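Below are the chains, spelled out letter by letter.
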Amino acid sequence: MDFQKQLIEEVLSKMMASFDKGPENLISFFSEDVSIQLPFSKRNSAVMNRKQYFNHLSRILPMMKSFQLHDHKLYATDEPGNYWATADLECIVIPTGKTYRQNYIFRFCLNEEMKITQYYEYGNPIKMAEAMRPLWKLFFNLFLAKISAK
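All values derive from a computational prediction rather than experimental measurement. (Residues numbered from 1 in each chain as written. Predicted model: local features only at pLDDT ≥ 70, side-chain atom pairs only at ≥ 80, totals over all residues. Heavy atoms only, no water.)

J.: I'm lost on the overall build of the protein chain in this one. Help?
T.: When you go through the protein chain residue by residue, the secondary structure sums to four helices and five strands. Taken over 150 residues, the protein chain has a buried fraction of 39%. Long-range pairs, those at least 24 residues apart, make up 50% of the contacts in the protein chain with a sequence separation of at least 6. Surface summary for the protein chain: the accessible area is close to 9200 Å², and the carbon and sulfur share equals 56%. (Helix = DSSP H or I, 4+ residues; strand = E, 2+ residues; numbered from the N terminus. Buried < 20%, exposed > 50% of the residue type's maximum accessible area, 1.4 Å probe, protein only. Contact = heavy atoms within 4.5 Å. Areas by Shrake-Rupley, 256 points an atom, 1.4 Å probe, with all protein chains shown as cover.)

J.: Can you help me understand the packing of aromatic side chains in this one?
T.: Scanning all chains against the criterion turns up nine aromatic pairs. Geometrically, the ring pair formed by Phe 19 and Phe 67 is stacked, given 5.8 Å between the ring centres and 5 degrees between the ring planes. On the criterion of sequence distance, the pair formed by Phe 19 in the loop between helix 1 (5–18) and helix 2 (23–27) and Phe 67 in strand 2 (residues 64–76) is long-range, its members being 48 residues apart. Look at Tyr 53 and Tyr 119: their rings are 6.0 Å apart centre to centre, the planes differ by 50 degrees, and that puts the pair in the tilted class. One end of the pair, Tyr 53, is in helix 3 (residues 50–60); the other, Tyr 119, is in strand 5 (residues 116–122), and 66 residues separate them in sequence. Counting every residue linked through ring pairs, the aromatic cluster contains Phe 30, Tyr 53, Tyr 104, Phe 106 and Tyr 119. (Phe/Tyr/Trp six-rings, centres within 6.5 Å; stacked < 30°, edge-to-face > 60°.)

So yeah, pure geometry; function would need other evidence.
Spelled out as structure tokens, the structure:
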């Protein structure tokens, strides 16, 4: 499938704008049989299906406010239906109050209905860890306390 760049840019813009509208809105851009992978995320490095990605988004997105994805750019490839995109994210992590900034790279494939069938998301995991830092320490201390109580 070879689409006009303008159509793909419209889909990408709408998808980027949907991140702060909840997981139901965002997941609507993905096909039922989508394959999703976040290679740099240790916990989610395995392939996820649509339902697993929805569950992931349901845990992550509510922890963020003032969600802004901006400066996204689309890049075509030599393979029809395959695209790369970049976007900058900025938001506040509610539990820590810290600002999370990330430069994401996305690789995705579209089917004839303009739904994403393959999705790869690349970002620096250290930036997320820094934005969540007090939480990781709190969870670790709770875990240690639970173990020592046994």
